[in-house]
Every structure is written in C-alpha cells, then in structure tokens.
Amino acid sequence: MDTGSAVSSTSRSSSASSLKDKLSKLSTTPLRPVAAHVANINFVPSKIPRRRRMQMLAVAVWSLLIPITTFLFLILCSFPPLWPFIAAYLVWILWIDRSPEHGGRISPWFRSMRFWRYFADYYPASFLKECDLPPDRPYLFGYHPHGIIGMGAMATFATEATGFGAHFPGLTPHLLTLASNFTVPIYRDIILALGICSVSKESCHNILSGGPGQSITIVVGGAAESLSARPGTADLTLRRRLGFIKVAIQHGAALVPVFSFGENDIYQQMPNEKGTTIFALQKKFQSLFGFTLPLFHGRGILNYNLGLMPYRRRIVSVIGRPILCEKCEKPSVEEITRVQQEYIAELMRIWDTYKDQFARYRKRELSIVD
C-alpha cells in the first residue's frame, strides 16, 4: 500500500509538472496570423442606442440592396401564376422604359423618407454650401473623390437627408450611375425613384436639355479612381476627363466642383500599386465589364474592425463656386482645356481652404494622378 501510494503520488506530481510546462509553452507561443486577427476583433457592446442600430440597419440594407432585390425577384419567379407579369416587366425593362436616359421617375416623398436620414447620420454625412445657385440655368456637379462606393454622393444628391432641396430651391438633382444598374429588377425602380439616372452621354444631354434648374452629378473619377481610394489620401483621376466639361459647355450649364472630405476614409483597401498582379487583374476586369472591384474591407455589423460595412467616418461634401460656361455646341479643344483649368483651380481652392478643418489627419496633399 505504501509503495502504491508513493508511485501514485509521484505520477500525479509528474503529470502536474508536465501540464505546467505545456501551459507555459502555450502562453509564450505566438498566435498564427489568422488566430491573431480573430483574437483582435473588437465586438460591439450588447447595449447601444436604438438610433445607432437604425443607422447601421439603413447602411446595411443599402449596401446589400442589389442582392436583396435579386433574391426577392427570384422568389417571385418561383410562383408560376406571376410569370406573365414578370415577362411583361422584363420586356418593359429591356426594351420599353427609357426613364434612365430621360430623368428617371424622381419621387420627392421617397427621397425624404426617414430611412435616408438614418443612412446619412451613420457617418455622419453632410454638405457645406459656399454660395447660392439660382435655378436660372442647368448645372453639372463634378463629385470628387469617387471613394470605394461614393456614399457621400448618395447621401447628398440622391436623397433629402442632408437638405439639398431646402438649400438649393428650384434645382432638380440627378445623381448619375452606370447603365448596367438599370438592368437589375426592382433595384432599378428604387434608384429611379431617387432621381438616379444613367451616366450615358444621351442621358446627360436629355436631362440638361430640360432647361433651367435641371442638374446632374457625375462622380468624375469613376472606376479607375476607386482603385486609389485609401484613408488620408486624395488621388484624383481628372486630367484626361474632358467629356463632362464638353457636355457642360454644349448646354451652357454651370460647372460646380464638389470635394467630399472623408469619402476615402470609410474603407480600407488592400495594396494594389501599379505593376502588381492585383492591379493588372482589376484593370482587366474594368476593361471587360466597365467597372472594377476594389479589394476592400471595413467593419462588420457586430464588430468594429472586420467586415464589408463602411466605418463611421465623417463625410463633408463642400459644394464650391460655379464656373459659368458659355453655350457652344461644338467647343474647341482649347476652350475645353481652358474651362478644365478653371475647374481644377476651383477644386484646389476648396482643398486648400478646408483641408485643415476636414482632413487634419491626411497622409498627403491632394494630387491629380491621371
């Protein structure tokens, strides 16, 4: 009995010592990259104000609206009695309805819904008006930078969440986007109700021909600029973008530069410098489909640092002073270049005036890279 007890005691002592050594080694062994990333996830608290939950919900719904409406449409397609109506709707979309090129079907009520105020308050998004814009001529707003998605443009020009209509009475705003967005069932009707239209040349001419007070907003940098959207930077693709200036001159529209401070800060983007494989693949995708896919990340619905939701970063869109264009149906290259120089000078003035107020943590100054 005494010998057995001694052996048992020695065995327990050895096991305890072995376990202690293993735990010691475990505590000093560095986590693998994935495990370390998961360990650093900062989850949201269980109790947050209802208002902030509604803001999160609004942004999440808008960010996922294309998948949501596509899923809803497929559900409707699963009911055979609806097939005749669905067929008629598709014919209407593809061959009959020309609203995306003729000003949309703007609904003041829909643009003013509380949902959009939650959407804008999430960041929060607002705009700063430098001067009045009388509705005695058409206007073309050039929005910079593109960012990953252009949330500031959406909040300011496609909704009344920031009060565009109250500050610029008499102007009818139309934010322009890719024509391919109007081939998505249900989704197209939602954005048409917001006044969003196609960015095609035909659409620009049709809207601006509507007369005084009509306005369009073009996110000038497009897909190319989204690839350089990173926090603390403002690298614009503008030098060779002359088409929107030509359109403004042809219609005698006033050109209004808009710089949106904070637009590039709401997402992080993976490194994709020129010359890398990722950049080459993104440019190839753009050449094939007309848009590109930045490899980005933000926060999640239940955490602050991992997901595809934008970060809560203030967005302030400064609406600058108009550049009046004398109407000319066939402007010369020299005239277009002259107006472009005025436009860039006004854009730089906006940056220099407000950068210390709205871009205090910038990594570098505004630059026109292309």
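Within any chain, residue numbers begin from 1 and follow the written order of that chain's sequence. The model is predicted, so local features are restricted to residues of pLDDT at least 70 and side-chain atom pairs to those at 80 or more, both for listing and for counting; the totals for chains, interfaces and linings are taken over all residues. Note that the side-chain values use all heavy atoms of the structure and ignore hydrogens as well as water.

Trainee: Explain a nonpolar patch on the surface here, please?
Mentor: On the surface, Phe71, Leu72, Ile75, Leu76, Phe79, Leu82 and Phe85 cluster together into a nonpolar patch covering about 670 Å² of accessible area. Among the elements that line the nonpolar patch, the one with the most residues is helix 4 (residues 65-77), at four residues. Relative to the helices and strands, Phe71 resides in helix 4. Patches in this entry comprise residues that are over 30% relatively accessible and not in a salt bridge; like charges within 9 Å are linked, as are nonpolar side chains (Val, Leu, Ile, Met, Phe, Trp, Tyr) within 5 Å. Computed by Shrake-Rupley with a 1.4 Å probe, the accessible areas treat only the displayed protein chains as cover when residues are assessed. By convention in these notes, a salt bridge is any Lys or Arg side-chain nitrogen within 4 Å of a carboxyl oxygen on Asp or Glu. Labels follow the DSSP assignment, with helices taken as runs of H or I lasting at least four residues and strands as runs of E lasting at least two, numbered in each case from the N terminus.

Trainee: It is not clear to me how the packing of helix 11 (residues 201-208) against helix 13 (residues 243-251) should be interpreted in this structure. Could you clarify?
Mentor: Relative placement of two packed helices is described by the angle separating their axes and the distance separating the axes. Axes, fitted as lines to C-alpha atoms, cover a helix only where it is in contact. Angles between the N-to-C directions of the axes lie from 0 to 180 degrees. Packing of helix 11 against helix 13 leaves a shortest axis separation of 10 Å and a crossing angle of 30°. One finds that helix 11 runs roughly parallel with respect to helix 13. Remark: the crossing between helix 11 and helix 13 carries right-handed chirality. For the pair formed by helix 11 and helix 13, the contact residues are Cys204, His205 and Leu208 on the first element and Val247, Gln250 and His251 on the second. Residue type decides the class: Asp, Glu, Lys and Arg count as charged, Ala, Val, Leu, Ile, Met, Phe, Trp, Tyr, Cys and Pro as nonpolar, and the leftover types, Gly among them, as polar. The residue makeup of the contact of helix 11 with helix 13, split by class, is three nonpolar, three polar and no charged. Here roughly perpendicular refers to angles of 65 to 115 degrees, roughly parallel to angles under 35, roughly antiparallel to angles over 145, and oblique to all remaining angles. Whether a crossing is left-handed or right-handed is set by the direction in which the near helix is turned from the far one by less than a right angle, anticlockwise for left-handed and clockwise for right-handed. Whether two residues are in contact is decided by their heavy atoms: any pair within 4.5 Å suffices.

Trainee: Would you mind showing me how to read the sheet that holds strand 1 (residues 125-129) here?
Mentor: In a beta sheet, neighbouring strands are held together by backbone hydrogen bonds and run either parallel or antiparallel to one another. Ordered by their spatial adjacency, seven strands build an open sheet running 1-10-7-2-5-3-4, and the pairing between neighbours is mixed. Every other strand in the sheet has two partners, leaving strand 1 and strand 4 (197-198) as the edge strands with one partner each. Being paired, for any two strands, means DSSP has found at least two bridges between them. With four bridges connecting them, strand 7 (residues 254-261) and strand 10 (residues 315-319) associate as antiparallel partners. Across the sheet, Ser260 pairs through a bridge with Ser317, a residue of strand 10. Most of the contacts of helix 15 (residues 333-358) go to strand 7, to which it runs at about 30°, and overall it touches strand 1, strand 2 (139-144), strand 7 and strand 10.

Trainee: Which parts of the structure should I look at to understand the environment of Asp189?
Mentor: Mapped onto the elements of the fold, Asp189 is located in helix 10 (residues 187-193). Here the alpha-carbon distance between Asp189 and Ile106, two residues 83 residues apart in the chain, equals 10.0 Å. Ignoring anything within four residues of it in the chain, the contact list for Asp189 reads Tyr89 and Arg105. Contacts described as polar in this section are N or O atom pairs within 3.5 Å, which, within protein, must combine one atom able to donate a hydrogen with one able to accept it, while residues neighboring in sequence count only if both atoms come from side chains. Here Tyr89 takes part through its side chain, which lies 2.4 Å from a polar atom of the side chain of Asp189. Separated by 2.9 Å, the side chains of Asp189 and Arg105 make a polar contact.

Trainee: What exactly am I supposed to notice about the nonpolar core here?
Mentor: Where a protein is soluble and globular, its nonpolar side chains tend to be buried together. Buried Ala, Val, Leu, Ile, Met, Phe, Trp, Tyr and Cys residues form a nonpolar core when they are joined through side-chain atoms within 4.5 Å. For each residue, the accessible area found with a 1.4 Å probe, counting protein chains only, is set against the maximum for its type, and the residue is called buried under 20%, exposed over 50%, and partly exposed in between. Counting 48 residues, the largest nonpolar core has Trp62, Phe119, Tyr123, Phe141 and Ile319 as the members making the most contacts within it. Secondary structure elements with two or more residues in this core: helix 3 (50-63), helix 7 (114-121), strand 1, strand 2, helix 8 (151-157), helix 10, strand 7 and strand 10. Look past the residues within four positions of Tyr123 in its chain and what remains in contact with it is Val59, Met151, Ile266, Pro310, Tyr311, Arg312, Arg313, Arg314 and Ile315. Grouped together as the second largest cluster of nonpolar side chains are 36 residues, Cys197, Ile207, Ala248 and Ile344 included.

Trainee: Sorry, what's going on with the pattern of salt bridges here?
Mentor: Think of it this way: side chains of opposite charge can pair up when their charged atoms draw near. In this structure the tally under the stated criterion is 19 salt bridges. Across the pair Lys129 and Asp132 runs a salt bridge, and its minimum N-O distance is 2.7 Å. For Lys129, a relative accessible area of 28% gives the class partly exposed. Of the residues examined, Asp132 reaches a relative accessible area of 58% and is grouped as exposed. A salt bridge links Asp189 to Arg188; its shortest N-O distance comes to 3.7 Å. Relative accessible area serves as the criterion here: at 26%, Asp189 is assigned to the partly exposed category. Arg188 sits in the buried class, given a relative accessible area of 1%. Beyond isolated ion pairs, a larger network of salt bridges with shared partners links Asp352, Lys355, Asp356, Arg362 and Glu365.

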